[in-house]
Amino acid sequence: MSFLLPCPHCGPRDVNEFDYAGEVTTRPTGTPDVRELAGYVYFRRNVAGVQREWWHHRFGCDAWFLAERDTRTNEVLCTEVPAARARS
Amino acid sequence: MTRLDPQPRERIDRSAELTFSYRGKPVTAFDGDTIGSALYASGVRVFSRSFKYHRRRGLLCCSGACPNCMMTVDGVPNVRVCAEPASAGAVVHPQNVLGSIDRDLLSIVDRIGRPFTPVGFYYRTMIRPRRLWPTYERFLRNVAGLGRIDRHGVRTTRYDTEHRRVDVLVVGGGASGLRAAREAAAGGERVLLADENPCAAPADGFDVVAPARALGIYEGGLVPVAAGTLLLRVRARRIVIATGAVEQPLVFPGNDLVGVMLPDGARRLVEDFALAPGDRAVVLAADDRALAVADVLRRAGVDVVASIDLRTDEPAKIEAAGRRGRLHGVTIDGAHHDCDLLVAAGTPQPAYSLLAQAGARVEYDTSRGVFCPTDLPPGIEAAGRVTGALGEVAPTRASHGGGFVCICEDVATKDLERALAEGFDSIELAKRYTTVTMGPCQGRLCHLSSIRLYARLQGAAEAAIGTTTARPPWAPVELGLLAGRSHEPAKRTALHARHEQAGAEIVWTGAWKRAHSYGDAAAEVRAVHEAAGVIDVSTLGKLLVTGPDAAAFLERLYPNRFADLKPGRVRYGVLSTDAGRIMDDGTVARLGEEQYYVTTTSTGSDSVHGWFEWWNASWGMDVEIVNLTGAVAAVNVAGPNARDLLAQATSADVSREALPYLAAREATVADVPCLILRIGFVGELGYELHFASPHAEHLWDTLVGLGATPFGLEAQRILRLEKQHIIVGQDTDSESNVLDAQMPWIVKFDKDDFVGKWALEHARARGPRELLVGFEMLDGVVPPEGSQVVREGRPGGRVTSARWSERLERGIGLAWVPPEHAREDAELEIRVDGRLEHARVRLQPFYDPDGSQLRT
Amino acid sequence: MSELAFISPGAAPLVSPLARTLAGAAGIGDLSLLGKLEVRNADPGVLPDGASLIRISPERVLVLCPEGERAALKDVLPGFVVDLTAALAGIRVEGEPLLRRLTDLDLDRLPAAGKVAGVPALVTRDGERFDIFFAQEYGASVVELVRDVQEGLA
C-alpha cells in the first residue's frame, strides 16, 4: 500500500506516515440494548465505495482528521479537520 | 577464439585485460566484456543445464532475459553472466549440475526419465509409501531449484535505500525513452531515466541511473528501481514506459539446442563484443530489425545459408537437430540446411508488464499477433515499441511442430496439450499447473507463445484466452535489497547508560529497552522490602490534560470519578472501551482546578494519547492534551526507608502528614524540580518522582548515593504480584472488563455517561463468565504463565502471572477462573509439565493485605 | 494551577539525551538542549533575535530559542505555551544525499513534520544544513541510523 494521503495540514504524504483509525461510526444516544451496542461495537458498513473514515498523522503533525476514500481505488476524495473545538 | 576486427560500437577495451576463473581455471577477458562474452570467447558454448531435464543450454538472448547463462559468481547464485560485467578475480562456476556441466548425471531425467516426469508429475507420484515422504522430500529439494545458497552464509552485501522525487520517470533508455527524457527536461521538468543496461547515452539535463531495473508501479506513482545494491524509491508525477518489445523464440522441435539464438543476442555478440556467433547460419525472423541481423552476421564473416522472412514465407514445420545438445542442422518444410547457428524469432512482444501493473488494459492485436497495452491510467504514458509500434509485422504460427514453449521450466507443447486434456483450460490454471512463465524469464519469452498455443489448441481467440496478471517484481530482485538496512527504532530512557553501567540485563518492552534486573532479582526484592530500592519508570506514558473542560473530559473517558479529585491528590484509574473492555490503566493526579496529569502503561502511551485526541476530535471540548512521556523522566523510590532517604535529598516536608498516601506535590529534590506522587505499585512505602529527563542521571546518582538499591522489571513484577496488582495486557486481555478483574469500585455507574458505561451495565447484569483471582501453590512449583487451571477434571481457567516469592516462601500468581471457583480457599489444580499441581485461591493481597505498609 | 516547573530543565546538572550516543560521531551536531516551546492557538508574533519557529499545523507552532532565553520567552508568548525542551532531541546534519536516505519528505518543501529515520520528526533546512527534531527517547536509535547511512555514503 503506497497511496498518497493528503493531510489537511501537511499535504500529500505516503500513507505509511498515518495510522488508519477506521470507519466513522455513530455512537448510540440514550441507552442501547445489547443488540444495538454490539452493532455499534462490532459491525461496520465496510462499503466497496466511498467511505468516511478517521486518520491520524502519527509521523507528521499528529492531527486527527476525517477522509472520504474510495475503498476500491484508494482515491481520497477529500479530507477535513473536525469542527474547531470550544475555546474560552 | 579470436575476436573479430574492432567493431564501431564495441564495448570492450582491448588494451585492458583482466582475469577471472571458471571451473577453477583462469579465463582472460577485456575490460567491458561480460562474464558470458569472455567465456564465449574462450570457447564455452554450454552455459547451463535446464531446470527439469538438465538439457544443455547456450547463449540465447545475451540481454539477461532468459535463464540459459545462469551461473554462480563469487558464491552468488543465479547470476546471468551474459549481462554481468567481467571483474578481475571473480570465481565463476556452473550450477544445477550433478557432476560437471559436460557430464551432468541428472540428464538421465531427459534421456530416460521423460515418460515418468510429464507436466504435473509431482501431483501424482511420490505419494506412497507414506513413510518415504522424508526421502522424497530430500531428493526433490536436491534436484529442484537452480543455484544454491550457502546455508551458513552471513549477510555480507550492504544494501541501501534512497528516496527520489521527480516530475518524470522514464523507464527504458532506448531511442524513444531518451527522446521522452530530453523533451521533458527541455520543458523544465525534473527527469530521471532508468535503463537496465549500463548507459553510455549522454544525459542532456536529466539524471540517468543505469544499470537499473524498475521493479513495479505502485499506487501514488511509486516505482522502486533496483540499481545494484541501492534501491531507489522513486515518486514521479508522470511515468513514461519505454521498455520496448521482447524478441520471442519460435516454438519448434530442437528450439532449445545450443546454437539457437534470438536475433538481438547474435547482434550483441558481434557488435558489442566482436565475437562471431557461429560459422554457418540460418535466419528466420518476422520483422525488419531482426532480419537485418543477417547482414550483421555476413559482415562478421558468418556464412548465412538461408534467411527467411516469416511475414511472407512462413514454413509449416521447422525441426532443428543436434548432437549432444549442440545444433548441427535445421530442416524447414523438408529443406535441410547444415548450420551451427540458427537465429530465430517471431513477432516481438511489447514489454507491457509495468503498464499492466499500473492498471492499463492489454489487448490482442490479430493483425500483428501480439498483445498491446491500451487505456493507460492518468500519469502513465508509453513510448516506442512497447506501444505496439513495431514496424511492419505479421502474426506467425503458434508452433512449428512441437518443441519447448517455456525453456525456463522445460515446458513443451505436449505439456500444454496434456494440461488442457486434464481440464486446466484457463490460462491462469494452465500457468499454475504447468509452471509456464513462472521461471526466471517470468514470461518474457513464453507468455505470448503459451497463450497463442492455448488459443490454437482450444480453437479460441487469443483475446478470449487473455493474459495472466502482471505482478511485481518485474525483474528478479534480491530480498536483501528490499530489506535495506534493518533498523528498528528503539526507545531508551534518560537512565539507559546507568543501567548498562550497572550491568543490567536489558530487554525489550514494546519499543522500549528496559532493565530486567541487575543480576539478582531476589536480592533487589529483598532491598525493597527491607530498606529502599529505586526503579526507572520513565517509560510510563504521561499526558497533561488541561483546560476548562479537563475534569468533564476525564469524567467522560474513565469509568472512575475524577471530578471530585482534589488538587494535590492522585488516584488509580482504568480506561475502558465502549465494549467495556480494559484498555489501559494508570494514575490521574490533579495539579490544579483545570490541570490533570495522567500516567499510562509503558506500551500504551501512544495509543492512550491517540484515544484521548480521537474522542476529543468528536467532542470538541475545551481541553489541551500534551504528551510528556519523553519530556519527563520518572523513578520510584520504595521501601521502609524511602521517606528517610527522600528527606535527605530535599528540604521539602515529606513527613507522613505533609505527604500522605495518594498525595501529589511539587518539590525540589537534589536541586531538581519534581512532581512527587505517593503511590504504591510495589507494595511498600513509595514515592514516584517525575522530573525533566535531562536531570535523570543526576537525580538517580543522588538517590543511589543515599543508599537506594536499583531494582529492575523482574523485581517489580514479583513485588506487585505479592500485592495482586494487575498488569494490563499481562493479566488482562482484549476481552477482560474491570468488573471481572475484581475492581468493581472503579466503576461509578451513577455518572451520566462515560465510555464503556452501557457495556459494563450489561456485564454487571449478566454476571461474570470468569473472574481474576490470586492463588498460592501448595508445593514449591511455580507454574509457567498460560498454564491451564483444572477443576474437577475439567479445564477451567488459565494462569496469567506466577512467581516465586521469597518473602512468602511460596509460589504465587494470578489466574482467571470460573466464578464458582473464585472463593477464598477454593482448591485448584494447575497443569504443569503434564502433572497436576495443587493451589489455593486467595482473594486478598498475599503481602500486607490491609495496606498498612503502603500507608505508613 | 501548577507552573509545571517539573517538566522544564532547571539549574541542576543535566545531560543531553544524545551526549553518549554522539561520542565519536562526526558531522552530527547536538541541538537537544535548545529551548523548544510549543505555542497553541495563537500567533507567536515577532520573535527575538536567535529564535525561530517551525509551524506544525494551523494551531501549533514550535518556537526554538537559545537555552538561556527559554524562561523569559515562555512568559511573553501568547496562547497556550508548553515547554518541550526536554521532550525533543535535535541533530544538525549536512547534505541532501544524507537526507534522501533518511526520509521521503519533499526536501524542497521544508520545514515540515514527517517521518525521518523511522520516527516522527520536524525538519528545517538552511541551504544544505538540516536540523531534525524528534522525541528524545529515540535519540540513540536515530543517531545510530544516521551514522550507518553516513557510512554507506562514504
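Sequence order sets the numbering: in each chain, residues are counted from 1 along the sequence as written. As they are written, the chains are lettered A onward and the ligands numbered 1 onward, keeping that order. Thresholds applied to this predicted model are a pLDDT of at least 70 for local features of residues and 80 or more for the giving and counting of side-chain atom pairs; totals over whole chains, interfaces and linings are not thresholded and use all residues.

**A look at the overall build of chain C**
Now for step 1: Secondary structure elements are taken from DSSP: a helix is a run of H or I of four residues or more, a strand is a run of E of two residues or more, and numbering for both begins at the N terminus. When its secondary structure is counted, chain C shows three helices and nine strands.
Now for step 2: Listed by position from the N terminus, the elements making up chain C come as β-β-β-β-α-β-β-α-β-β-β-α.
Now for step 3: A compact globule built from 154 residues would reach a C-alpha radius of gyration of about 15 Å, and chain C, at 16 Å, matches this within 12%.
Now for step 4: Residues are called buried when their C-beta atom has 20 or more other C-beta atoms within 10 Å, exposed when it has 12 or fewer, and partly exposed otherwise; all C-beta atoms are positioned from the backbone. The 154 residues of chain C split such that 47% are buried.
Now for step 5: For chain C, the share of sequence-separated contacts (at least 6 apart) that also reach a separation of at least 24 residues comes to 60%. With the radius of gyration taken over C-alpha atoms, the globule rule is written as 2.2 Å times the number of residues to the power 0.38. With C-beta atoms placed from the backbone, a contact is any residue pair whose C-beta atoms sit within 7 Å.

**Here's the deal with the overall build of chain A**
Now for step 1: Assigned secondary structure in chain A consists of one helix and six strands.
Now for step 2: Taken along its principal axes, the extent of the C-alpha atoms in chain A is 40 × 40 × 20 Å.
Now for step 3: Evaluated residue by residue, chain A yields a buried proportion of 22% over its 88 residues.

**Thoughts on the confidence of the model for chain A**
Where the model shows low pLDDT, its predicted coordinates should not be examined in detail.
Now for step 1: Confidence of the prediction at every residue is given by pLDDT, a number between 0 and 100. For chain A, the average pLDDT comes to 94, and 97% of its residues sit at 70 or higher.
Now for step 2: The secondary-structure element of chain A with the lowest mean pLDDT is helix α1 (residues 34-42) of chain A, recorded at 95, while strand β4 (residues 50-56) of chain A shows the highest, at 98.

**So, the domain arrangement of chain C**
Residues and elements named next belong to chain C.
Now for step 1: Domain segmentation is taken from an automatic or database assignment of domains. Domain annotation of chain C identifies domain 1 (19-33 + 87-154) and domain 2 (35-84).
Now for step 2: For domain 1 versus domain 2, the separation of C-alpha centres amounts to 22 Å.
Now for step 3: Each partner contributes to the interface: domain 1 provides seven residues, whereas domain 2 provides six residues.
Now for step 4: Amino acids are sorted into nonpolar (Ala, Val, Leu, Ile, Met, Phe, Trp, Tyr, Cys and Pro), charged (Asp, Glu, Lys and Arg) and polar (every other residue, Gly among them). Of the residues that constitute the side of domain 1 that touches domain 2, the class distribution is six nonpolar, one polar and no charged.

**Section: the sheet that holds strand β18 (residues 318-323) of chain B**
All names here are of chain B.
Now for step 1: Following DSSP output, two strands are said to pair if at least two bridges run between them. Strand order in this open sheet of three strands is β18-β19-β20, and the pairing throughout is antiparallel. Here the strands that pair on one side only, and so sit at the sheet edges, are β18 and β20 (335-338). Within this sheet the neighbouring strands show an average axis-to-axis angle of 25°, counted without direction.
Now for step 2: Where β18 meets strand β19 (residues 326-332), six bridges bridge the pair, whose relative direction is antiparallel. Across the sheet, Glu 319 pairs through a bridge with Thr 331, a residue of β19. Each axis is a line fitted through C-alpha atoms, and for a helix only the stretch in contact is used; angles between axes span 0 to 180 degrees, taken between their N-to-C directions.

**Some remarks on the interface of chain B and chain C**
Now for step 1: If you look at the interface, chain B gives 43 residues, while chain C gives 38 residues.
Now for step 2: Where the side of chain B that touches chain C is concerned, the elements lending two or more residues are β8 (160-171), β28 (491-492), β34 (582-592), β36 (624-627), β39 (672-677), β40 (686-692) and α19 (696-705) of chain B.
Now for step 3: In terms of residues, the side of chain B that touches chain C owes the most to one element, β8(B), which gives six residues.

**So, the sheet that holds strand β30 (residues 512-517) of chain B**
Residues and elements named next belong to chain B.
Now for step 1: With respect to topology, three strands assemble into an open sheet ordered β28-β30-β29, the strand pairing being mixed. Single-partner strands in this sheet number two, and they are β28 and β29 (505-509).
Now for step 2: As paired strands, β28 and β30 are joined by two bridges and run parallel to one another. Counted as the bridge partner of Arg 492 is Lys 513 from β30.

**Quick look at unusual backbone geometry**
Residue and element names in this part refer to chain B.
Now for step 1: In this model, Arg 128 is joined to Pro 129 through a cis peptide bond whose omega is -10°.
Now for step 2: If you trace the backbone, Pro 129 turns up in the loop between α2 (108-111) and α3 (133-143).
Now for step 3: For the bond from Ala 210 to Pro 211, the omega torsion is -5°, close enough to zero to count as cis.
Now for step 4: Not every positive phi belongs to a glycine, and Gln 442 is a case in point at roughly 50°.
Now for step 5: As for its position among the elements, Gln 442 is in the loop between α10 (427-434) and α11 (447-458).

**Quick notes on the nonpolar core**
Soluble globular proteins tend to pack their nonpolar side chains together in the buried interior.
Now for step 1: Defined on buried residues, the nonpolar core groups Ala, Val, Leu, Ile, Met, Phe, Trp, Tyr and Cys residues joined through C-beta atoms within 7 Å. Core analysis: the largest hydrophobic core is formed by 166 residues, its most contacted members being Leu554(B), Val635(B), Val637(B), Leu689(B), Leu699(B) and Phe134(C).
Now for step 2: Counting 148 residues, the second largest nonpolar core, distinct from the first, contains Ala86(B), Val246(B), Ile318(B) and Leu416(B).

**Quick look at the packing of helix α9 (residues 413-421) of chain B against α11(B)**
Residues and elements named next belong to chain B.
Now for step 1: It is at 10 Å that the axes of α9 and α11 come closest, and there the two elements cross at 50°. On the basis of their axis angle, the class for α9 and α11 is oblique. Every pair of crossing elements has a handedness; the one defined by α9 and α11 is right-handed. For the pair formed by α9 and α11, the contact residues are Thr 413, Leu 416, Glu 417 and Leu 420 on the first element and Ser 450, Leu 453, Tyr 454, Leu 457 and Gln 458 on the second.
Now for step 2: Residue composition of the contact of α9 with α11, grouped by class: five nonpolar, three polar and one charged. For classification purposes, an angle smaller than 35 degrees is called roughly parallel, one larger than 145 roughly antiparallel, one from 65 to 115 roughly perpendicular, and anything else oblique. Here a crossing is called left-handed whenever its near helix is offset anticlockwise from the far helix by less than a right angle, and right-handed whenever the offset is clockwise.

**What about the pairing of strand β33 (residues 570-576) of chain B?**
Regular strands have side chains that alternate between both faces of the sheet.
All names here are of chain B.
Now for step 1: Among the seven residues of β33, five are classified as buried, and the element is accordingly described as predominantly covered.
Now for step 2: With seven bridges joining them, β33 and β34 adopt antiparallel strand pairing. Note that in β34 the partner of Gly 573 across the bridge is Gly 586.
Now for step 3: Where β33 folds back on β34, the antiparallel hairpin that results is connected by five residues, among which Gly 580 adopts a positive phi of roughly 80°.

**Quick look at the packing of α9(B) against α10(B)**
Residue and element names in this part refer to chain B.
Now for step 1: Closest axis-to-axis distance for the α9/α10 pair is 10 Å, and the angle between their directions is 120°. When the axes of α9 and α10 are compared, the pair comes out oblique. The handedness of the crossing between α9 and α10 comes out as right-handed. On α10, the residues that touch Asp 415, Leu 416 and Ala 419 of α9 are Ala 430, Tyr 433 and Thr 434.
Now for step 2: Broken down by class, the residue content of the contact of α9 with α10 amounts to four nonpolar, one polar and one charged.

**Describing the interface of chain A and chain C**
Now for step 1: Listed as interface residues are eleven residues of chain A and, on the opposing side, ten residues of chain C.
Now for step 2: For the side of chain A that touches chain C, a count of residues per class yields four nonpolar, two polar and five charged.

**As for the environment of Pro395(B)**
All names here are of chain B.
Now for step 1: Mapped onto the elements of the fold, Pro 395 is located in the loop between β25 (380-382) and β26 (404-406).
Now for step 2: Under the C-beta neighbour-count criterion, Pro 395 is labelled buried, with 20 such atoms within 10 Å.
Now for step 3: The sequence separation of Pro 395 and Val 92 amounts to 303 residues, and the corresponding C-alpha distance is 40 Å.
Now for step 4: In this structure, Pro 395 is in contact with Thr 347, Thr 366, Arg 368 and Gly 369, ignoring residues within four places of it in sequence.

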